[in-house]
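# Tertiary structure, described
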Amino acid sequence: METINLVWFKKDLRTFDNEALNEALKTENVIPIFVIEPDLWKLPDHSSRQWEFVRECLIDLNNSLNDIGLKLIIRVGNIEDVIKEFTERFHVKGIYSHEETGNEWTFKRDQDLRRFTKNENIHWYEYRQFGVFRGLKTRKNWSRKWEQHMSQELINDPRRVNYFIDIPSHNLPSSKSLKLNLDKCSHRIQGGRKQGLNKLYEFLKYKIDNYQYSLSSPLKAFDGCSRLSPYLTWGCLSVREVVQTIRRTKKRGSRAINSRLHWHCHFIQKLESEPELESREYHPYMSGIRKSNQIFLKAWSQGLTGIPFIDACMRSLNSHGWINFRMRAMLMSFASYQLWLPWQESGLCLARKFIDYEPGIHWTQCQMQSGTTSINTMRIYNPIKQGYDHDPEGIFIRTWVKELQYLPSKFIHAPWKIDLFHQDDSSLVLGKNYPFPIVDPIISTNTARAKLKEIRNKPGFFDIANNILEKHSSRKRRKSKLKKKQNNPVLHKQLTLKL
Ligand SMILES: Cc1cc2nc3c(=O)[nH]c(=O)nc-3n(C[C@H](O)[C@H](O)[C@H](O)COP(=O)(O)OP(=O)(O)OC[C@H]3O[C@@H](n4cnc5c(N)ncnc54)[C@H](O)[C@@H]3O)c2cc1C
């Protein structure tokens, strides 16, 4: 029997700076595999738009592998069955892959596979993909470790090997044959390393100088942000190569994007250290405080809340599979505070919409924007104020909420204030072609605020919060212990707009 190594591609869809591939090639001939796991893809945090993106990444990956004389073998099924298939024909000496900080399902799958490979006497070698560290007991020195990882020399594409194995690969299934609900995402960006590199170079050439000034408004962010997130999530680019390329550039904006790449790993580290955070609140007092409401959830998810800036952002996200950080935060905040929906439900809905869905970042951000971490400043965004700040003339709103396109700017952020005189010209009939607001934004904000205040006043709240801070926060922040704050200024600022 021929001895081979299997390289199991997961969310590392590249040949460049791929330690697993590089190490596997050092000892034996290599068969690269990608396993499409239907049980994973049918989970509610996955979607057809993500699959279509991954499909493009896999075509591109196969081309890169062909360039070095290898062929990607696609299988639809579960990883253990796929390994068994190969052990019938080969002596599988090792399985090589990158560490994954995924959702609960992938976590369990990897635990099962660890047992399986042990029983089968196959070595499973896992390599670090991000600046995220397994089995970390403390955050002490985390930044130094991150820095070390990011400064390591990049691993070049392997030299040509010519090991085209005569095993047929399965075709890449369509979303339909994977039985995924089709969700139209007409403005989605294309997957693949080539596309990712184009985005990186375009960013460095044209955007990085003004990066910091383009982050907040959805009018500027689509062209001003790097848009690298899906390529990092699916590993078409390695975080390390992006960090090093940006550092070499030394342009205005380099520091700002570097710190965001640092956050990328900082957030994933939280889920790596405490996988339960995908579904369980950081702070136990925040557990189960919100109520499901399918009518609110549906209206929010479809961009039909009657709050124009919220609806415009959601419809834009539905169509692009991406929106900028601040608008993600506002959408989540609106669902969690004004609509008082459980973050797990609205978070799942957003996860499906994001092409860049990265569980470690996503779930910690969902909790942060819902006030359940207890260690971050609680921000209740006022969506009308956000609209005035970031889309003063209502250009973004008119693009995505066509029902409001003839509305005078004066009413664009609060159409329910329209008078009869203007109503005729605007072709708006509230309640007919655009909904009345499903909640009063100010009353619902105040109600949420009062509920949270009550919880934070419970005995022992801040003792628990300090333990959470000890575990999850960076050393710098931890110096100041959390105290009960009166009149939180940020919270107040978000509410200053009088309706
Ligand atoms: C509720 C919510 C959910 C989110 N879910 C995800 C997610 O599933 N996947 C994801 O990649 N990002 C997520 N983010 C973080 C952030 O919004 C996106 O990373 C960013 O908008 C991606 O666009 P970009 O690549 O143009 O970012 P840029 O601003 O160009 O930043 C470059 C890279 O830095 C990292 N980054 C930027 N901002 C953050 C941040 N706040 N936290 C962590 N890393 C960051 C990303 O990898 C990003 O690609 C979420 C934010 C919120 C508020």
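Now for a description of the structure that goes with this document. Computed from a predicted structure; not experimentally measured.

Attention now moves to the site of the ligand. Within the structure, the ligand sits among 26 residues, and Tyr-211, Ser-226, Arg-227, Trp-322 and Asp-356 are positioned closest to it. A distance of 3.5 Å separates a nitrogen atom of the ligand from a polar atom in the backbone of His-264. Between Trp-322 and the ligand, the recorded distance is 2.9 Å, taken from a side-chain N or O atom to an oxygen atom. In the complex, the protein chains occlude 98% of the 820 Å² of accessible area that the ligand would expose alone. Looking at the shell around the ligand, the elements with two or more residues in it are helix 10 (229-233), helix 12 (254-273), helix 15 (325-338) and helix 17 (359-368). The greatest single-element share of the shell around the ligand, amounting to six residues, is contributed by helix 12. When the residues that make up the shell around the ligand are grouped by side-chain class, the tally is 16 nonpolar, five polar and five charged. Both domain 2 (193-273) and domain 3 (284-494) contribute no fewer than three residues apiece to the shell around the ligand.

This part takes up the pattern of salt bridges. Per the counting criterion, the structure on display carries 28 salt bridges. Across the salt bridge formed by Arg-109 and Glu-100, the nearest N and O atoms sit 2.9 Å from each other. A salt bridge links Arg-280 to Glu-274; the nearest nitrogen and oxygen atoms lie 2.4 Å apart. Judged by its relative accessible area of 13%, Glu-274 falls in the buried class. Beyond isolated ion pairs, a larger network of salt bridges with shared partners links Lys-10, Glu-37, Glu-100, Arg-109 and Asp-110.

What counts, and at which threshold
- Residues numbered from 1 in each chain as written.
- Predicted model: local features only at pLDDT ≥ 70, side-chain atom pairs only at ≥ 80, totals over all residues.
- Heavy atoms only, no water.
- Near = heavy atom within 4 Å.
- Polar contact = N/O pair within 3.5 Å; in protein donor to acceptor, adjacent residues only side chain to side chain.
- Areas by Shrake-Rupley, 256 points an atom, 1.4 Å probe, with all protein chains shown as cover.
- Helix = DSSP H or I, 4+ residues; strand = E, 2+ residues; numbered from the N terminus.
- Nonpolar A, V, L, I, M, F, W, Y, C, P; charged D, E, K, R; others polar.
- Domains from an automatic or database assignment.
- Salt bridge = Lys/Arg side-chain N within 4 Å of Asp/Glu carboxyl O.
- Buried < 20%, exposed > 50% of the residue type's maximum accessible area, 1.4 Å probe, protein only.

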